[in-house]
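Residue-level structural notes
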Amino acid sequence: MPSPSPDTGPSHRRDRAPSVVTVSEAAIASNTALLRALCGTPVMAVVKADGFGLGATAVARAALAGGAGELGVATCDEALALRAAGIDAPILVWMLHPGAPLADAIRADVTLSCASPRLLELIAAAAAETGLRARVELEVETGMHRSGCPPQDWPDLCAVARAAEQRGLVDVTGVWTHFGVTDDDAGAFARPLARLEHALRTARDTGLRPRRRHAAASLAAVVSPDARLDLVRIGAALFGIEPVRSRPLGLEPAARWETAVAQVRDVGPGDPVGYGAQYRTARSGRLALLPVGYADGIPRSAWPGVTVSVGGIRHPLVGAVSMDQCVVDVGDAVVEVGDRVVLLGEPALGEPSLLEWSLILGTIPQEVLTGLGPRVARVVAQGVRS
Ligand SMILES: *Cc1c(COP(=O)(O)O)cnc(C)c1O
């Protein structure tokens, strides 16, 4: 089943859901525009995993409004969902699995990435079935040993692709790679880039005529001008996740996650909280119950460490996080049922951020964002500032 799409409809959904993520179209559009201006190249907005959990269609529309020229996703189904939503921008799909609906994707005018001769044959067969010519980009692996065609298989892939072109079944329009580099040293991209250029020469020598090459995701796009090539593929930065933490670009957070206090209780000193009595109150005070838990995207490892903002004041989560609820120690603050709680907000206003959570949880902001569960309502704040 697809994950929930953003709710742009009546506001009753907002009131009924235990928590709401507000997705800012304006932030996504302005982050896209900023990256495009910085790189000076066309931008592919990467909206895989349902737009990093925020709703692929809404994120795609906002990024296109901000100047992205095309979209990138992992699966054919993600591409087909965008087409079904009426989005006709170019789409590239790169994580094809056995059984992927290739013919449907070809009919929907989706560009398929290919990293093996075997997959190229499957794409050619699907193209033959549709009577159309499949647009294909070949992915070469340049040091990450993850996806992409291993360099030793590349000449074979090019030859198979060329043969399929000559049969009128595919058109190889691009060659690309993905970097495994995670540090912000521009020099680290030089080796994989040289391997990409080498692969491109091999492709040309085989008779292929790829019209573009691309490599950079958010990090390389920002730190390595050499890596920008003909296109940058931007995911994380769309959502306000800074590619280089120590040198922020001033990206705007695209997601704001709020809930409301569900219950308040008075406690004495030493009272246990939650499963296993793993936390005991230090003194008498108040506890606020939140109607969100690990199924909603607050991992159990959020305690100890994560704090949330209630009435502009930070209070810590305490005790084991449950599946559907968690507890905040608000001390002697005056907090009432229904008070708004900011789980993720605007760090410039002192609210918790994706980065802050990720540092506490020992992960990256992307994992926190995509960890938001299906019960969290996605509400799109419409309106792209011009
Ligand atoms: C996820 C992904 C991107 C975007 O990466 P970010 O670091 O989020 O910008 C680009 N290209 C590919 C192939 C990806 O899988």
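As a further point, take the sheet that holds strand β7 (residues 170–176). Overall, parallel pairing links the eight strands, which are arranged β8-β7-β6-β5-β4-β3-β2-β9 in an open sheet. Both outer strands of the open sheet, β8 (212–214) and β9 (232–234), are each paired with one neighbouring strand and no more. Neighbouring strand axes in the sheet, compared pairwise and without regard to direction, differ in orientation by 30 degrees on average. Taken together, the six bridges between strand β6 (residues 134–139) and β7 define a ladder with parallel strand orientation. Within β7, the residue paired with V136 across the bridge is V172. Sitting on the sheet, helix α5 (residues 76–84) is in contact with β3 (70–73), β4 (91–93) and β5 (111–114), with an inclination near 160 degrees to β4.

Taken as a whole, this structure holds five aromatic pairs when the rule is applied. Judged by centre distance (6.0 Å) and plane angle (40 degrees), the ring pair of W257 and W357 falls under tilted. Remark: W357 occurs in helix α11 (residues 354–361) and W257 occurs in strand β10 (residues 255–260); sequence separation between them is 100 residues. For the residue pair W257 and W357, the accessibility class agrees, reading buried in each case.

Helix α4 (residues 56–65) packs onto helix α2 (residues 25–39) with a crossing angle of 45 degrees between their chain directions and a minimal axis gap of 7 Å. Taken as axis vectors, α2 and α4 run oblique relative to one another. Remark: the crossing between α2 and α4 carries right-handed chirality. Of the residues in α4, those in contact with E25, I28, A29 and T32 of α2 are V59, A62 and A63. Per-class residue counts for the contact of α2 with α4 are five nonpolar, one polar and one charged.

Rules and cut-offs
- Each chain carries its own residue numbering, running from 1 in the written order of its sequence.
- Residues qualify for local features only when their pLDDT is at least 70, as the model is predicted, and side-chain atom pairs are given and counted only at 80 or more; totals for whole chains, interfaces and linings, by contrast, use all residues.
- To obtain the side-chain values, all non-hydrogen atoms of the structure were used and water was disregarded.
- If DSSP finds at least two bridges between two strands, the strands pair.
- Counting from the N terminus, the helices are the DSSP runs of H or I reaching at least four residues and the strands are the DSSP runs of E reaching at least two.
- Between N-to-C directions, angles span 0 to 180 degrees; the directions come from axes that are lines fitted to C-alpha atoms, helices contributing only their stretch in contact.
- Here, two residues are considered to be in contact whenever any of their heavy atoms come within 4.5 Å of each other.
- Between the rings of Phe, Tyr and Trp (Trp by its six-membered ring), a pair exists once the centres lie within 6.5 Å; its type follows the angle of the planes, with under 30 degrees stacked, over 60 edge-to-face, and the other angles tilted.
- We call a residue buried when its accessible area falls under 20% of the maximum for its residue type, exposed when it is over 50%, and partly exposed in between, using a 1.4 Å probe and counting protein chains only.
- Note on angle classes: values under 35 degrees are labelled roughly parallel, values over 145 roughly antiparallel, values of 65 to 115 roughly perpendicular, and the remainder oblique.
- Should the near helix be turned anticlockwise from the far one by less than a right angle, the crossing is left-handed, and should it be turned clockwise, the crossing is right-handed.
- Each residue is assigned to one of three groups, with Ala, Val, Leu, Ile, Met, Phe, Trp, Tyr, Cys and Pro labelled nonpolar, Asp, Glu, Lys and Arg labelled charged, and all others, Gly among them, labelled polar.

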